[in-house]
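Listed below are the residues making up each chain.
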Amino acid sequence: MRIPNYLRLAPSGIWHFRQRLSSHQVRKTGKHEVTRSLGTRDLLTAQRRALDLVQAYAQTLTVRGLSVFVARDGVLSADEIARAIALGYKVIRHPDGTVEVEASGKEDHGFAMDALERIGPLDQEPYYQELMRVAKKAESQRVLPAPDPASKIPVIAIGKAVTQWLAEIKSSTRPKTFKIKTTAVEGFAKQYGEKSSLKDAGRIDVGNWVQALRAGGLQTPTIVNKCSYLRGFFDWAKARGYYPPFAKDENPASGQVVYGTREKRKRRALGFKPFTNEQIQALYEAKTMEKGLSESARWGAWIGLYTGARVAEVGQLTLADFIEVDGIPCIRITDEGEGQSVKSEVSIRTIPVHPKLVELGLLKRVAELRKADEKRLFPKVKVGGVNGPGNLVEQGFQPSCGSGGG
């Protein structure tokens, strides 16, 4: 293997760096060359260390008229090298190993030739040229660290974000539900600090809020509902770019409340239960349905029984929701009309009208209401009422039959 001319092996086996000085530098320093121990017996390690020194000396040699200090061991100090680079010529190294030095005038040209005299042999070394090619390739393939996504998230006060969220959901949320959501999310914002940055709110802050709710005497089911509304708020904030991205299960408000074994047992014993067949027969007995029950309540009860629709879905029905599909009369549950909404996307559905409802005269009622130029199945229902469109049916049914599950 050819040994570069800037390396010398001492009798001790330690490699040394050697750099000849230009005539200009000889006059300045009185030395013909500088040497320095590279502190290694390994040739490849010595070459790498020497190339760093070669680079510094090559740039230093281009300095015009600079009085360079040479230490006792013949090595330039770091400060002197920095000054040399700052005041020196512009040295341009090309990928093919050739070198250009910027010069102006004869005197500058002389200094430049001295520099090229020293730099040229180095750049012609095959090993040096290979290192330069490898370094250039590595630089072109270097992957810059991805910017922190959190740094691009704007700082917005949580109180301001809550106001914006409520404004966006108001038109698509029932008044009663809207009030409940407002109370829950505004309660968290107040606990956290309405002027505090939304993007800094985390699981610990939500946990502190949950503890405060428990200390206030709220039961687990109520807290679970409040956390569900807060989850919706954080999902919205993430979608708007106000909060750092998170996986579906990493919403700050998720998993904050867990039912204990005793609470689960209590819910099974005292929670809502489906009606038994005997109870349903008692509720829908002819005498019960006819005695003191309004027409709207009767139809609401019958439709709920034979469609399984929620009371609010029944109360919001319009005459346009009664359609035919392949000749079969159907009821459409949708959120397209004024004052209509569904609990979720899967709640939008089309249900065949049960023969019993036809027998009871539901389709005749729809035809009569259309002739009267009505728009809704229950014309007296209040669109936008606090308790929703099902309130009319519930109020008419409760005095006779009482409240119950199902």
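Residues numbered from 1 in each chain as written. Predicted model: local features only at pLDDT ≥ 70, side-chain atom pairs only at ≥ 80, totals over all residues. Heavy atoms only, no water.

Under the annotation held in an unreviewed UniProt entry, the protein chain carries the name DUF6538 domain-containing protein and is attributed to Rhodanobacter lycopersici. Per UniProt, the comment on the protein chain under Sequence similarities (unreviewed entry) is "Belongs to the 'phage' integrase family." (UniProt positions renumbered as here; feature names shortened; annotations may be inferred.)

**Student:** What should I look at first to understand the overall build of the protein chain in this one?
**Tutor:** Counting its secondary structure elements, the protein chain contains 17 helices and eight strands. Each of the 406 residues in the protein chain was classed as buried or not, and the buried ones make up 38%. The contacts of the protein chain with a sequence gap of at least 6 include a subset with a gap of at least 24, amounting to 58%. For the protein chain, the accessible area works out to roughly 24,600 Å², and carbon and sulfur atoms hold 52% of it. (Helix = DSSP H or I, 4+ residues; strand = E, 2+ residues; numbered from the N terminus. Buried < 20%, exposed > 50% of the residue type's maximum accessible area, 1.4 Å probe, protein only. Contact = heavy atoms within 4.5 Å. Areas by Shrake-Rupley, 256 points an atom, 1.4 Å probe, with all protein chains shown as cover.)

**Student:** Explain the confidence of the model for the protein chain to me, please; I cannot follow it from the model alone.
**Tutor:** Close inspection of predicted coordinates is inappropriate in any region flagged by low pLDDT. For the protein chain, the mean per-residue pLDDT works out to 76, and 68% of the residues sit at or above 70. Across the protein chain, element-level confidence peaks in strand β8 (residues 349–352) with a mean pLDDT of 95 and bottoms out in helix α3 (residues 78–87) with 40. Contacts of residues 399–406 to residues separated by more than four positions or lying in other chains number 13 contacts, the stretch itself having pLDDT below 50. (pLDDT = per-residue confidence, 0-100.)

**Student:** What's the story with the packing of helix α7 (residues 175–192) against helix α8 (residues 203–215) in this structure? I'm lost.
**Tutor:** What describes two packed helices is the angle between their axes and the distance between those same axes. Between α7 and α8, whose axes approach to 10 Å, the crossing angle comes to 110 degrees. Between α7 and α8, the interaxial angle falls into the category roughly perpendicular. Of the residues in α8, those in contact with Ala-184, Gly-187, Phe-188, Gln-191 and Tyr-192 of α7 are Asp-205, Val-206, Asn-208, Trp-209 and Ala-212. A class-by-class count of the residues in the contact of α7 with α8 yields six nonpolar, three polar and one charged. (Axes fitted to C-alpha atoms, helices over the stretch in contact; angles between N-to-C directions. Parallel < 35°, antiparallel > 145°, perpendicular 65-115°, else oblique. Nonpolar A, V, L, I, M, F, W, Y, C, P; charged D, E, K, R; others polar.)

**Student:** Would you mind going over the side chain of Ser-341 with me for this structure?
**Tutor:** Looking at the secondary structure, you find Ser-341 in the loop between β7 (328–333) and β8. Apart from the residues lying within four places of it in its own chain, the contact partners of Ser-341 are Arg-174, Gln-316, Thr-334 and Asp-335.

**Student:** I'm lost on the packing of aromatic side chains in this one. Help?
**Tutor:** Geometrically, a pair of aromatic rings is defined through the distance of the ring centres and the angle of the planes. For the coordinates displayed, the defined rule picks out 11 aromatic pairs. Ring centres 5.6 Å apart and planes at 75 degrees place the aromatic pair Trp-165 and Phe-233 in the edge-to-face group. Of the two residues, Trp-165 is situated in helix α6 (residues 158–169) and Phe-233 in helix α9 (residues 220–239); the sequence distance between them amounts to 68 residues. In this pair, the class of Trp-165 matches that of Phe-233, namely buried. Taking the centre distance of 5.7 Å and the plane angle of 75 degrees together, the rings of Phe-188 and Trp-209 count as edge-to-face. (Phe/Tyr/Trp six-rings, centres within 6.5 Å; stacked < 30°, edge-to-face > 60°.)

**Student:** What is the right way to read the sheet that holds β8 from this model?
**Tutor:** Adjacent strands of a sheet pair through backbone hydrogen bonds, lying either parallel or antiparallel. Strand order in this open sheet of three strands is β6-β7-β8, and the pairing throughout is antiparallel. Each edge of the sheet is formed by a strand with only one pairing partner; in this case those strands are β6 (322–325) and β8. Neighbour-to-neighbour, the strand axes of the sheet open up by a mean angle of 45 degrees, direction not taken into account. (Pairing = 2+ DSSP bridges.)

**Student:** What am I meant to see in the sheet that holds strand β2 (residues 15–20) here?
**Tutor:** Here we have three strands laid out as an open sheet, ordered β1-β2-β3, and antiparallel in their pairing. In the strand order of this sheet, the two ends are held by β1 (7–9) and β3 (33–37), each with one partner. Within this sheet the neighbouring strands show an average axis-to-axis angle of 30 degrees, counted without direction. Two strands pair when backbone bridges link them, and β2 and β3 are joined in this way by five bridges, in the antiparallel orientation. Residue pairing in the sheet places His-16 in a bridge with Ser-37 of β3.

**Student:** Help me understand α9 in this model?
**Tutor:** In an α-helix, one turn spans 3.6 residues, which is why side chains three or four residues apart end up on the same side. Between its terminal C-alpha atoms α9 stretches 29 Å, which fits the 28 Å expected from 20 residues at 1.5 Å a residue. Listed as buried for α9 are Thr-220, Ile-223, Lys-226, Cys-227, Tyr-229, Leu-230, Phe-233, Phe-234, Trp-236 and Ala-237. Directly after α9, the chain includes Gly-241, whose backbone phi takes a positive value near 85 degrees. (Expected span 1.5 Å × (residues − 1).)

**Student:** Teacher, can you tell me more about the nonpolar core here?
**Tutor:** Grouped burial of nonpolar side chains is what soluble globular proteins tend to show. One finds Phe-188, Leu-198, Leu-230, Phe-233 and Phe-234 to be the most contacted residues of the largest nonpolar core, which totals 32 residues. Going through the elements one at a time, α6, α7, α8 and α9 are the ones with two or more residues in this core. Here the element with the most residues in this core is α9; it accounts for eight residues. Ignoring sequence-local partners within four residues, the contact set of Phe-233 consists of Ile-158, Ala-161, Val-162, Trp-165, Val-185 and Leu-198. Membership of the second largest hydrophobic core comes to 24 residues, among which are Leu-317, Leu-319, Ile-331 and Leu-357. (Core = buried A, V, L, I, M, F, W, Y, C linked by side-chain atoms within 4.5 Å.)

**Student:** Mind showing me how you'd approach the pattern of salt bridges here?
**Tutor:** A side chain with one charge may pair with a side chain of the opposite charge, provided their charged atoms come close. Taken as a whole and judged by the stated rule, the model has seven salt bridges. Ionic pairing is found between Arg-332 and Asp-321, a salt bridge with its closest N-O pair at 3.4 Å. You can see Arg-332 sitting in strand β7 and its partner Asp-321 sitting in the loop between α14 (311–315) and β6, a full 11 residues away along the chain. Between Arg-332 and Glu-336 there is a salt bridge, with the nearest N and O atoms lying 3.8 Å from each other. On the basis of relative accessibility, which here comes to 25%, the residue Arg-332 falls in the partly exposed class. When its relative accessible area of 63% is taken as the criterion, Glu-336 is described as exposed. Salt bridges sharing common partners tie together Arg-310, Glu-313 and Arg-349. (Salt bridge = Lys/Arg side-chain N within 4 Å of Asp/Glu carboxyl O.)

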